[in-house]
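Spelled out, the chains give:
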There are 2 protein chains.
Amino acid sequence: MTGKAADMPHDATQTPGRLRGRASRLLAQLTNQSDRLMNEGLSLVDARKWHYAVLASLHEFGPGSQATLSRRTGIFRSDMVGVLNELAERDLVERVPDPDDRRRNVISITPQGRRHLRRLDKVLDDLHDELLAPLTSAERTEFVRLLTRLVDHHGHAHS
Amino acid sequence: MTGKAADMPHDATQTPGRLRGRASRLLAQLTNQSDRLMNEGLSLVDARKWHYAVLASLHEFGPGSQATLSRRTGIFRSDMVGVLNELAERDLVERVPDPDDRRRNVISITPQGRRHLRRLDKVLDDLHDELLAPLTSAERTEFVRLLTRLVDHHGHAHS
DNA sequence: CTGTTGCGTTAGTCCGACTAACGATGTAGG
DNA sequence: CCTACATCGTTAGTCGGACTAACGCAACAG
(Lines give C-alpha, C1' and ligand atoms only; values in the text may rest on other atoms or scores of the structure.)
Protein backbone atom coordinates (compact mmCIF):
# COMPACT_ATOMS: atom_id res chain seq x y z
CA MET A 1 0.00 0.00 0.00
CA THR A 2 2.66 2.36 1.01
CA GLY A 3 4.82 1.34 -1.78
CA LYS A 4 8.33 0.42 -1.06
CA ALA A 5 11.03 0.48 1.35
CA ALA A 6 11.66 -1.34 4.45
CA ASP A 7 14.23 -1.22 7.06
CA MET A 8 16.51 -4.11 7.05
CA PRO A 9 14.85 -7.26 8.22
CA HIS A 10 16.77 -6.76 11.40
CA ASP A 11 19.41 -4.25 12.12
CA ALA A 12 22.23 -5.04 9.82
CA THR A 13 25.58 -3.88 10.93
CA GLN A 14 26.60 -2.17 14.06
CA THR A 15 30.09 -0.91 13.41
CA PRO A 16 30.69 2.02 11.15
CA GLY A 17 32.64 -0.29 8.88
CA ARG A 18 32.94 0.04 5.17
CA LEU A 19 29.40 -0.94 4.57
CA ARG A 20 27.65 1.23 7.05
CA GLY A 21 29.81 4.28 6.76
CA ARG A 22 29.46 4.78 3.05
CA ALA A 23 27.56 7.93 2.28
CA SER A 24 25.82 6.31 -0.67
CA ARG A 25 24.42 3.57 1.50
CA LEU A 26 23.38 5.92 4.26
CA LEU A 27 21.66 8.06 1.70
CA ALA A 28 19.82 5.12 0.22
CA GLN A 29 18.66 3.94 3.62
CA LEU A 30 17.56 7.33 4.79
CA THR A 31 15.73 8.06 1.57
CA ASN A 32 13.94 4.79 1.97
CA GLN A 33 12.83 5.72 5.44
CA SER A 34 11.96 9.21 4.32
CA ASP A 35 9.93 8.03 1.34
CA ARG A 36 8.04 5.64 3.50
CA LEU A 37 7.29 8.34 6.03
CA MET A 38 6.11 10.81 3.43
CA ASN A 39 4.05 8.30 1.49
CA GLU A 40 2.29 7.08 4.59
CA GLY A 41 1.65 10.57 5.84
CA LEU A 42 0.39 11.84 2.53
CA SER A 43 -1.83 8.85 1.94
CA LEU A 44 -3.70 9.80 5.10
CA VAL A 45 -4.86 12.96 3.34
CA ASP A 46 -5.44 11.25 0.00
CA ALA A 47 -2.34 12.63 -1.67
CA ARG A 48 0.96 11.55 -3.10
CA LYS A 49 4.21 13.35 -3.36
CA TRP A 50 3.73 14.21 -7.00
CA HIS A 51 0.50 15.94 -6.10
CA TYR A 52 2.39 18.21 -3.80
CA ALA A 53 5.10 18.84 -6.35
CA VAL A 54 2.61 19.90 -8.97
CA LEU A 55 0.51 22.04 -6.68
CA ALA A 56 3.53 23.73 -5.16
CA SER A 57 5.00 24.37 -8.57
CA LEU A 58 1.74 25.92 -9.74
CA HIS A 59 1.55 28.06 -6.66
CA GLU A 60 5.10 29.29 -6.93
CA PHE A 61 5.47 29.74 -10.66
CA GLY A 62 1.95 30.10 -11.88
CA PRO A 63 0.03 28.19 -14.54
CA GLY A 64 1.75 26.35 -17.33
CA SER A 65 1.46 23.64 -19.91
CA GLN A 66 1.87 20.03 -18.94
CA ALA A 67 5.28 19.95 -20.53
CA THR A 68 6.29 22.99 -18.53
CA LEU A 69 5.09 21.41 -15.33
CA SER A 70 6.93 18.29 -16.26
CA ARG A 71 10.18 20.18 -16.55
CA ARG A 72 9.58 22.10 -13.36
CA THR A 73 8.82 19.09 -11.22
CA GLY A 74 10.90 16.40 -12.83
CA ILE A 75 7.88 14.23 -13.46
CA PHE A 76 8.00 12.55 -16.85
CA ARG A 77 5.53 14.01 -19.20
CA SER A 78 4.06 10.57 -19.74
CA ASP A 79 3.32 10.27 -16.03
CA MET A 80 2.11 13.83 -15.70
CA VAL A 81 -1.11 12.85 -17.44
CA GLY A 82 -2.16 10.55 -14.66
CA VAL A 83 -1.15 12.92 -11.91
CA LEU A 84 -3.17 15.74 -13.45
CA ASN A 85 -6.11 13.41 -13.92
CA GLU A 86 -6.06 12.65 -10.23
CA LEU A 87 -5.75 16.31 -9.33
CA ALA A 88 -8.47 17.34 -11.74
CA GLU A 89 -10.83 14.67 -10.40
CA ARG A 90 -10.47 16.32 -7.03
CA ASP A 91 -10.94 19.80 -8.52
CA LEU A 92 -7.54 20.89 -7.32
CA VAL A 93 -6.35 21.98 -10.75
CA GLU A 94 -8.00 23.15 -13.91
CA ARG A 95 -7.04 21.88 -17.35
CA VAL A 96 -7.95 24.27 -20.12
CA PRO A 97 -6.90 24.15 -23.76
CA ASP A 98 -4.61 27.02 -24.67
CA PRO A 99 -6.27 29.27 -27.25
CA ASP A 100 -2.88 30.56 -28.42
CA ASP A 101 -1.43 27.14 -29.05
CA ARG A 102 -3.95 24.43 -29.51
CA ARG A 103 -1.43 21.71 -28.77
CA ARG A 104 -1.20 22.85 -25.19
CA ASN A 105 -3.31 22.59 -22.11
CA VAL A 106 -2.95 25.32 -19.58
CA ILE A 107 -2.96 23.97 -16.07
CA SER A 108 -3.82 26.25 -13.20
CA ILE A 109 -4.47 25.74 -9.54
CA THR A 110 -7.97 26.22 -8.16
CA PRO A 111 -8.93 27.82 -4.86
CA GLN A 112 -9.56 24.34 -3.56
CA GLY A 113 -6.12 23.42 -4.79
CA ARG A 114 -4.62 26.26 -2.82
CA ARG A 115 -6.45 25.15 0.28
CA HIS A 116 -5.30 21.61 -0.22
CA LEU A 117 -1.75 22.82 -0.74
CA ARG A 118 -1.78 24.65 2.57
CA ARG A 119 -2.96 21.49 4.20
CA LEU A 120 -0.25 19.44 2.57
CA ASP A 121 2.32 21.99 3.64
CA LYS A 122 1.29 21.53 7.20
CA VAL A 123 1.38 17.77 6.86
CA LEU A 124 4.82 17.88 5.31
CA ASP A 125 6.10 20.24 7.96
CA ASP A 126 5.09 17.75 10.58
CA LEU A 127 6.54 14.83 8.69
CA HIS A 128 9.83 16.61 8.21
CA ASP A 129 9.86 17.42 11.85
CA GLU A 130 9.64 13.73 12.48
CA LEU A 131 12.21 12.93 9.84
CA LEU A 132 14.74 15.36 11.23
CA ALA A 133 13.78 14.83 14.84
CA PRO A 134 17.23 13.90 16.12
CA LEU A 135 18.82 17.07 14.73
CA THR A 136 18.95 20.47 16.31
CA SER A 137 17.61 23.42 14.41
CA ALA A 138 21.10 24.48 13.39
CA GLU A 139 21.94 20.97 12.27
CA ARG A 140 18.83 20.78 10.16
CA THR A 141 19.77 23.96 8.39
CA GLU A 142 23.26 22.69 7.82
CA PHE A 143 21.97 19.37 6.60
CA VAL A 144 19.72 20.99 4.04
CA ARG A 145 22.51 23.28 3.01
CA LEU A 146 24.87 20.40 2.34
CA LEU A 147 22.21 18.44 0.49
CA THR A 148 21.45 21.43 -1.68
CA ARG A 149 25.09 21.95 -2.53
CA LEU A 150 25.47 18.32 -3.54
CA VAL A 151 22.28 18.19 -5.57
CA ASP A 152 23.15 21.38 -7.37
CA HIS A 153 26.62 20.18 -8.15
CA HIS A 154 25.40 16.97 -9.75
CA GLY A 155 22.40 18.65 -11.27
CA HIS A 156 24.56 20.48 -13.72
CA ALA A 157 24.06 18.33 -16.78
CA HIS A 158 27.43 17.05 -17.80
CA SER A 159 26.86 14.34 -20.33
CA MET B 1 10.98 25.64 11.37
CA THR B 2 10.86 26.28 7.74
CA GLY B 3 9.67 29.81 7.77
CA LYS B 4 6.18 30.06 6.48
CA ALA B 5 6.95 32.75 4.06
CA ALA B 6 4.17 35.06 3.14
CA ASP B 7 2.07 33.73 0.33
CA MET B 8 3.36 35.88 -2.42
CA PRO B 9 1.88 35.24 -5.81
CA HIS B 10 5.07 35.06 -7.79
CA ASP B 11 7.98 37.08 -6.75
CA ALA B 12 10.25 34.49 -5.30
CA THR B 13 12.70 33.83 -8.03
CA GLN B 14 15.45 31.93 -6.36
CA THR B 15 14.16 31.35 -2.89
CA PRO B 16 14.56 27.76 -1.87
CA GLY B 17 10.82 27.47 -2.07
CA ARG B 18 8.74 24.76 -0.56
CA LEU B 19 9.50 22.31 -3.28
CA ARG B 20 13.20 22.64 -3.57
CA GLY B 21 14.00 23.14 0.06
CA ARG B 22 12.28 20.06 1.42
CA ALA B 23 14.77 17.66 2.89
CA SER B 24 12.81 14.67 1.64
CA ARG B 25 12.98 15.88 -1.92
CA LEU B 26 16.63 16.77 -1.74
CA LEU B 27 17.33 13.37 -0.31
CA ALA B 28 15.43 11.63 -3.07
CA GLN B 29 17.21 13.60 -5.76
CA LEU B 30 20.64 13.11 -4.31
CA THR B 31 20.10 9.41 -3.76
CA ASN B 32 19.05 9.15 -7.35
CA GLN B 33 22.22 10.80 -8.51
CA SER B 34 24.24 8.76 -6.09
CA ASP B 35 22.71 5.47 -7.19
CA ARG B 36 23.36 6.33 -10.79
CA LEU B 37 26.95 7.16 -10.06
CA MET B 38 27.57 4.00 -8.08
CA ASN B 39 25.80 1.72 -10.51
CA GLU B 40 27.66 3.11 -13.47
CA GLY B 41 30.98 2.98 -11.70
CA LEU B 42 30.48 -0.54 -10.43
CA SER B 43 29.26 -1.84 -13.76
CA LEU B 44 32.63 -0.88 -15.21
CA VAL B 45 34.21 -3.51 -13.02
CA ASP B 46 31.44 -6.04 -13.54
CA ALA B 47 29.85 -5.54 -10.14
CA ARG B 48 26.72 -4.25 -8.47
CA LYS B 49 26.16 -2.71 -5.12
CA TRP B 50 24.82 -5.91 -3.60
CA HIS B 51 28.02 -7.63 -4.58
CA TYR B 52 29.91 -5.17 -2.50
CA ALA B 53 27.51 -5.47 0.38
CA VAL B 54 27.84 -9.23 0.51
CA LEU B 55 31.60 -9.30 0.09
CA ALA B 56 32.12 -6.59 2.67
CA SER B 57 29.81 -8.33 5.08
CA LEU B 58 31.67 -11.59 4.65
CA HIS B 59 34.97 -9.87 5.13
CA GLU B 60 33.89 -8.08 8.27
CA PHE B 61 31.80 -10.72 9.97
CA GLY B 62 33.01 -13.96 8.49
CA PRO B 63 31.12 -16.77 6.77
CA GLY B 64 27.44 -17.38 7.32
CA SER B 65 24.32 -18.92 5.93
CA GLN B 66 22.39 -17.17 3.21
CA ALA B 67 19.74 -16.17 5.71
CA THR B 68 22.40 -14.67 7.95
CA LEU B 69 23.88 -12.71 5.09
CA SER B 70 20.43 -11.59 4.20
CA ARG B 71 19.91 -10.15 7.66
CA ARG B 72 23.32 -8.56 7.71
CA THR B 73 23.04 -6.81 4.38
CA GLY B 74 19.35 -6.11 4.12
CA ILE B 75 19.04 -8.07 0.89
CA PHE B 76 15.90 -10.16 0.82
CA ARG B 77 16.65 -13.78 1.11
CA SER B 78 14.81 -14.40 -2.15
CA ASP B 79 17.17 -12.06 -3.95
CA MET B 80 20.24 -13.32 -2.18
CA VAL B 81 20.12 -16.45 -4.30
CA GLY B 82 20.79 -14.56 -7.49
CA VAL B 83 23.47 -12.37 -5.98
CA LEU B 84 25.33 -15.38 -4.65
CA ASN B 85 24.98 -17.13 -7.98
CA GLU B 86 26.66 -14.20 -9.66
CA LEU B 87 29.39 -14.08 -7.06
CA ALA B 88 29.94 -17.83 -7.18
CA GLU B 89 30.15 -17.80 -10.97
CA ARG B 90 33.05 -15.42 -10.59
CA ASP B 91 34.62 -17.54 -7.84
CA LEU B 92 34.38 -14.69 -5.39
CA VAL B 93 32.47 -16.70 -2.80
CA GLU B 94 32.13 -20.35 -1.97
CA ARG B 95 28.82 -22.02 -1.27
CA VAL B 96 29.15 -25.19 0.79
CA PRO B 97 26.39 -27.21 2.41
CA ASP B 98 26.55 -27.03 6.20
CA PRO B 99 27.21 -30.49 7.61
CA ASP B 100 25.68 -29.49 10.97
CA ASP B 101 22.42 -28.31 9.46
CA ARG B 102 21.62 -29.67 6.08
CA ARG B 103 19.17 -26.91 5.35
CA ARG B 104 21.93 -24.36 5.31
CA ASN B 105 24.65 -23.35 2.93
CA VAL B 106 27.73 -21.81 4.41
CA ILE B 107 28.96 -18.92 2.34
CA SER B 108 32.53 -17.78 2.62
CA ILE B 109 34.68 -15.37 0.72
CA THR B 110 37.52 -16.67 -1.44
CA PRO B 111 40.96 -15.14 -1.87
CA GLN B 112 39.78 -13.86 -5.23
CA GLY B 113 36.81 -12.41 -3.45
CA ARG B 114 39.07 -10.54 -1.07
CA ARG B 115 41.06 -9.20 -3.96
CA HIS B 116 37.93 -8.11 -5.72
CA LEU B 117 36.67 -6.49 -2.54
CA ARG B 118 39.83 -4.41 -2.27
CA ARG B 119 39.32 -3.33 -5.84
CA LEU B 120 35.72 -2.41 -5.20
CA ASP B 121 36.76 -0.46 -2.16
CA LYS B 122 39.06 1.60 -4.26
CA VAL B 123 36.39 2.14 -6.88
CA LEU B 124 33.88 3.20 -4.26
CA ASP B 125 36.36 5.52 -2.64
CA ASP B 126 36.79 7.28 -5.94
CA LEU B 127 33.08 7.37 -6.61
CA HIS B 128 32.37 8.83 -3.20
CA ASP B 129 35.04 11.37 -3.80
CA GLU B 130 33.11 12.40 -6.85
CA LEU B 131 29.80 12.27 -5.04
CA LEU B 132 30.99 14.50 -2.22
CA ALA B 133 33.23 16.63 -4.40
CA PRO B 134 31.73 19.99 -3.48
CA LEU B 135 32.21 19.41 0.24
CA THR B 136 35.30 20.01 2.28
CA SER B 137 36.72 17.18 4.30
CA ALA B 138 35.17 18.52 7.48
CA GLU B 139 31.82 18.90 5.78
CA ARG B 140 31.94 15.36 4.50
CA THR B 141 32.52 14.08 7.99
CA GLU B 142 29.69 16.17 9.33
CA PHE B 143 27.43 15.06 6.53
CA VAL B 144 28.04 11.40 7.23
CA ARG B 145 27.60 12.03 10.92
CA LEU B 146 24.21 13.62 10.42
CA LEU B 147 23.11 10.90 8.04
CA THR B 148 24.13 8.24 10.51
CA ARG B 149 22.25 9.89 13.32
CA LEU B 150 19.11 10.08 11.23
CA VAL B 151 19.34 6.54 9.92
CA ASP B 152 19.95 5.19 13.40
CA HIS B 153 17.06 7.12 14.81
CA HIS B 154 14.61 5.73 12.31
CA GLY B 155 16.22 2.33 12.37
CA HIS B 156 14.95 1.83 15.88
CA ALA B 157 12.14 -0.55 15.17
CA HIS B 158 9.29 1.13 16.92
CA SER B 159 6.32 -0.44 15.28
C1' DC C 1 3.81 22.62 -49.40
C1' DT C 2 7.48 20.06 -46.68
C1' DG C 3 10.11 18.80 -43.06
C1' DT C 4 10.99 19.50 -38.24
C1' DT C 5 9.84 20.27 -33.64
C1' DG C 6 6.93 20.34 -29.48
C1' DC C 7 2.65 18.86 -27.44
C1' DG C 8 -0.54 15.45 -24.81
C1' DT C 9 -1.53 10.78 -24.55
C1' DT C 10 -1.30 5.68 -24.65
C1' DA C 11 1.12 1.65 -24.26
C1' DG C 12 4.69 -0.89 -22.83
C1' DT C 13 9.53 -2.05 -21.03
C1' DC C 14 12.71 -2.55 -17.31
C1' DC C 15 14.15 -3.19 -12.73
C1' DG C 16 14.26 -3.37 -7.82
C1' DA C 17 11.65 -4.15 -3.68
C1' DC C 18 8.74 -7.21 -1.75
C1' DT C 19 5.41 -11.54 -1.00
C1' DA C 20 4.01 -16.32 -1.22
C1' DA C 21 4.67 -20.81 -1.30
C1' DC C 22 7.22 -25.13 -1.87
C1' DG C 23 10.19 -29.13 -0.38
C1' DA C 24 13.63 -30.36 2.68
C1' DT C 25 15.14 -30.12 7.12
C1' DG C 26 15.45 -28.93 11.96
C1' DT C 27 13.27 -28.52 16.84
C1' DA C 28 9.99 -29.19 20.63
C1' DG C 29 6.04 -31.37 23.10
C1' DG C 30 3.47 -35.14 24.29
C1' DC D 1 7.47 -42.24 17.65
C1' DC D 2 4.17 -38.84 16.07
C1' DT D 3 2.66 -34.32 15.41
C1' DA D 4 3.09 -29.50 15.00
C1' DC D 5 5.64 -25.85 13.90
C1' DA D 6 9.85 -22.93 12.53
C1' DT D 7 13.73 -22.18 9.42
C1' DC D 8 16.38 -22.70 5.24
C1' DG D 9 17.24 -22.13 0.14
C1' DT D 10 14.78 -21.56 -3.88
C1' DT D 11 11.31 -20.42 -7.47
C1' DA D 12 7.80 -17.73 -9.11
C1' DG D 13 5.22 -13.86 -9.18
C1' DT D 14 3.27 -9.18 -7.75
C1' DC D 15 3.69 -4.37 -7.48
C1' DG D 16 5.05 0.28 -8.37
C1' DG D 17 8.09 3.74 -10.10
C1' DA D 18 11.29 5.27 -13.57
C1' DC D 19 11.83 5.52 -18.19
C1' DT D 20 11.12 4.76 -23.62
C1' DA D 21 8.58 4.63 -28.02
C1' DA D 22 5.37 6.00 -30.89
C1' DC D 23 1.06 7.96 -32.22
C1' DG D 24 -1.93 12.11 -33.99
C1' DC D 25 -2.02 16.75 -33.79
C1' DA D 26 -0.62 21.42 -34.17
C1' DA D 27 2.93 25.11 -34.81
C1' DC D 28 6.64 26.93 -37.34
C1' DA D 29 10.58 27.66 -40.52
C1' DG D 30 11.96 27.45 -45.10
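Up top is the structure.
We now turn to the structure provided with this report. All of these numbers come straight from a predicted model, not from anything done at the bench. (Residues numbered from 1 in each chain as written. Chains lettered and ligands numbered in written order. Predicted model: local features only at pLDDT ≥ 70, side-chain atom pairs only at ≥ 80, totals over all residues. Heavy atoms only, no water.)

## What to know about the packing of aromatic side chains
Part 1 of the reasoning: With the rule as written, the count across this model stands at one aromatic pair over all chains.
Part 2 of the reasoning: Consider the rings of Phe 143 of chain A and Phe 143 of chain B, whose centres lie 6.1 Å apart with planes at 25°: the pair is stacked. Of this pair, Phe 143 of chain A sits in helix H7 (residues 137-155) while Phe 143 of chain B sits in helix H7 (residues 137-155), each in a different chain. You'll find Phe 143 of chain A and Phe 143 of chain B in the same group, each marked buried.
Part 3 of the reasoning: The ring of Trp 50 of chain A has Lys 49 of chain A lying over it, and the distance from NZ or CZ to the ring centre is 6.0 Å. (Phe/Tyr/Trp six-rings, centres within 6.5 Å; stacked < 30°, edge-to-face > 60°. Helix = DSSP H or I, 4+ residues; strand = E, 2+ residues; numbered from the N terminus. Buried < 20%, exposed > 50% of the residue type's maximum accessible area, 1.4 Å probe, protein only. Lys NZ or Arg CZ within 6 Å of the ring centre and 35° of its normal.)

## Observations concerning the relation of the copies chain B and chain A
Part 1 of the reasoning: The operation relating chain B to chain A is a screw motion whose rotation component is 180°, with 0.1 Å of axial translation and a residual RMSD of 0.2 Å. Taken together, these values place the two copies in the relation of a two-fold axis.
Part 2 of the reasoning: Of the residues that chain B buries at the interface, 87% are likewise interface residues in chain A, meaning the two copies contact each other through the same surface. (Least-squares fit on C-alpha atoms with pLDDT ≥ 70 in both. Contact = heavy atoms within 4.5 Å.)

## Details of helix H5 (residues 77-89) of chain B
Part 1 of the reasoning: An ideal rise of 1.5 Å per residue puts 18 Å on 13 residues; H5 of chain B measures up with 19 Å between its terminal C-alpha atoms.
Part 2 of the reasoning: Directly beyond the C-terminal end of H5 of chain B, a positive phi value near 60° is found at Asp 91 of chain B. (Expected span 1.5 Å × (residues − 1).)

## Structural notes on the interface of chain B and chain A
Part 1 of the reasoning: Between chain B and chain A, the contact holds 62 residues from the first and 60 residues from the second.
Part 2 of the reasoning: Applying the counting rule to chain B against chain A returns eight salt bridges.
Part 3 of the reasoning: Here Glu 139 of chain A ties to Arg 149 of chain B by a salt bridge, and the two come within 2.9 Å at their closest N and O atoms.
Part 4 of the reasoning: Counting every contact that joins chain B to chain A gives 21 residue pairs in polar contact (both at pLDDT 80 or more).
Part 5 of the reasoning: Looking at the side of chain B that touches chain A, the elements that each hand over two or more residues are helix H1 (18-21), helix H2 (23-43), helix H3 (49-61), helix H4 (66-73), helix H6 (111-131) and H7 of chain B.
Part 6 of the reasoning: A total of 14 residues in the side of chain B that touches chain A trace back to one element, the largest contributor, which is H7 of chain B.
Part 7 of the reasoning: Partitioned by chemical class, the residues of the side of chain B that touches chain A number 27 nonpolar, 19 polar and 16 charged. (Salt bridge = Lys/Arg side-chain N within 4 Å of Asp/Glu carboxyl O. Polar contact = N/O pair within 3.5 Å; in protein donor to acceptor, adjacent residues only side chain to side chain. Nonpolar A, V, L, I, M, F, W, Y, C, P; charged D, E, K, R; others polar.)

## Points about the side chain of Ser 65 of chain B
Part 1 of the reasoning: Topologically, Ser 65 of chain B is positioned in the loop between H3 and H4.
Part 2 of the reasoning: Accessibility expressed as a relative area gives 10% for Ser 65 of chain B, which makes it buried.

## Some words on the protein's contact with DNA strand D
Part 1 of the reasoning: With respect to spatial proximity, 21 residues lie near DNA strand D, and among them Ser 78 and Arg 102 of chain A together with Gln 66, Ala 67 and Arg 103 of chain B are the closest.
Part 2 of the reasoning: Arg 95 of chain B places a side-chain nitrogen or oxygen 3.5 Å from a phosphate oxygen of DNA strand D.
Part 3 of the reasoning: Contact between DNA strand D and Asn 105 of chain B: a sugar or linking oxygen at 3.4 Å from a side-chain N or O atom of the residue.
Part 4 of the reasoning: Per-class residue counts for the surface near DNA strand D are four nonpolar, five polar and 12 charged. (Near = heavy atom within 4 Å.)

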